[in-house]
Amino acid sequence: MPVFTDIPQADFVAAIRALAAQLAADDWAPDFIIGVGRGGLVPAVFLSHASGLPMLSVDFSSQVEDFSDEPLVKLAMRTRGGERLLFLDDINDSGRTIAHLRRALAAAGAVPGSVRFATLIDNISSAERVDYRHRTIDRRETKDWFVFPWEAVAPAAAIAADAADVPGRIA
C-alpha cells in the first residue's frame, strides 16, 4: 500500500516562491514559463504570477500529439529567435517526461542553452537532471506518492489508481 503524502497549499506556495527566488538570482532568465500538462500547469500559473513572466503550456500527459509534440516545434522555433524557455513540472520522477521534451525540442532545432527545466520535487535517481528545484528526494528511499493541492480534489480511488499505474516508484 503506497504512502500518500499531501502537499499543503502553504508548502506549495513556499515552493513557488523558492523557485522564483532561484530564477531571480540566476544570470539566465527565461522569456516564458512553459507549464507541462498536467502536473506542471498549476505550478506554472503560480510561478508566472510570482515572477511576472508570461506562461505558455504543453500537454504531455494526454499523449495527444496536437497538444504535445506540435507545440514543441513552435517553441523550438522561438528559441531560434533568441527566446529562452523554462519548462515547469510538478515532479521529476523517472525523467521520462523531461527526456521526451528534450528529444522533441532538439529534433525541432531548439537552440542549445535556451531551454531549462524546473520541478517542485526532483528525484536524484532520475535519468534526467533539472536546473531548478524546490525539494530533492531519492526514489530509492522515498516511496511516497505526493498529492499536490490541485490533485487533492480528486476522489481517493482516482489518486490510488494514478499511484498504481506506476508501481515501481512507490514499491
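If you're wondering where the values come from, they're calculated on a predicted model, not measured in any experiment. (Residues numbered from 1 in each chain as written. Predicted model: local features only at pLDDT ≥ 70, side-chain atom pairs only at ≥ 80, totals over all residues. Heavy atoms only, no water.)

**Student:** Just to check I follow, could you spell out the nonpolar core for this structure?
**Tutor:** Within the largest apolar cluster, 23 residues are counted, with the highest numbers of intra-cluster contacts made by Leu47, Leu86, Leu88, Leu120, Ile121, Tyr132 and Phe146. At the level of elements, helix H1 (9-25), helix H2 (41-51), strand E4 (85-92), strand E5 (115-123) and strand E6 (132-137) are the ones that each hand at least two residues to this core. Looking at this core, the element that brings in the most residues is H1, giving seven residues. In contact with Leu86, not counting residues within four places along its chain, are Leu23, Trp28, Pro30, Phe32, Ile33, Ile34, Leu47, Arg116, Phe117, Ala118 and Tyr132. With 18 residues, the next largest nonpolar core counts Val36, Leu75, Leu85 and Phe87 among its residues. (Core = buried A, V, L, I, M, F, W, Y, C linked by side-chain atoms within 4.5 Å. Buried < 20%, exposed > 50% of the residue type's maximum accessible area, 1.4 Å probe, protein only. Helix = DSSP H or I, 4+ residues; strand = E, 2+ residues; numbered from the N terminus. Contact = heavy atoms within 4.5 Å.)

**Student:** Mind showing me how you'd approach unusual backbone geometry here?
**Tutor:** In most cases, non-glycine residues show a negative phi, while peptide bonds are predominantly trans. Gly37 connects to Arg38 through a cis peptide bond whose omega is 20°. Relative to the assigned elements, Arg38 resides in the loop between strand E2 (32-37) and H2.

**Student:** How do you make sense of the pairing of strand E3 (residues 55-59) when you look at a structure like this?
**Tutor:** Consecutive side chains of a regular strand alternate in pointing toward one face of the sheet and then the other. Pairing of E2 with E3 involves five bridges; the strand directions are parallel. Each residue of the ladder has a partner; that of Ile34, found in E3, is Leu56. Between the parallel elements E2 and E3, the chain passes through H2 in a crossover that is right-handed. (Pairing = 2+ DSSP bridges. Right-handed = clockwise from strand over helix to strand, strands pointing away.)

**Student:** Got a minute to help me understand empty space enclosed by the protein in this structure?
**Tutor:** One water molecule sets the probe size; rolling that probe over the atoms shows where empty space is left. In the structure shown here, the tally under the stated rule is one cavity of 30 Å³ or more. Of the pockets and cavities examined, the largest cavity occupies roughly 30 Å³. Lining of the largest cavity is provided by Val36, Phe87, Leu88, Asp89, Thr97, Ile98, Phe117, Ala118 and Thr119. Only E4, helix H4 (96-107) and E5 provide two or more residues apiece to the lining of the largest cavity. Of the residues contributing to the lining of the largest cavity, the split by class is six nonpolar, two polar and one charged. (1 Å grid on protein atoms, 1.4 Å probe; cavity = no way out; pocket = protein on both sides within 12 Å on 5 of 7 lines; lining within 4 Å. Points joined across faces, edges and corners; volume = space filled by probe spheres on them. Nonpolar A, V, L, I, M, F, W, Y, C, P; charged D, E, K, R; others polar.)

**Student:** Would you explain the environment of Ile124 in this entry?
**Tutor:** Structurally, Ile124 can be placed in the loop between E5 and E6. Along the backbone, Ile124 and Asp93 are 31 residues apart, and their C-alpha atoms lie at a distance of 8.5 Å. Excluding residues that lie within four positions of it along the chain, Ile124 makes contacts with Arg129, Thr136, Ile137, Asp138 and Arg140.

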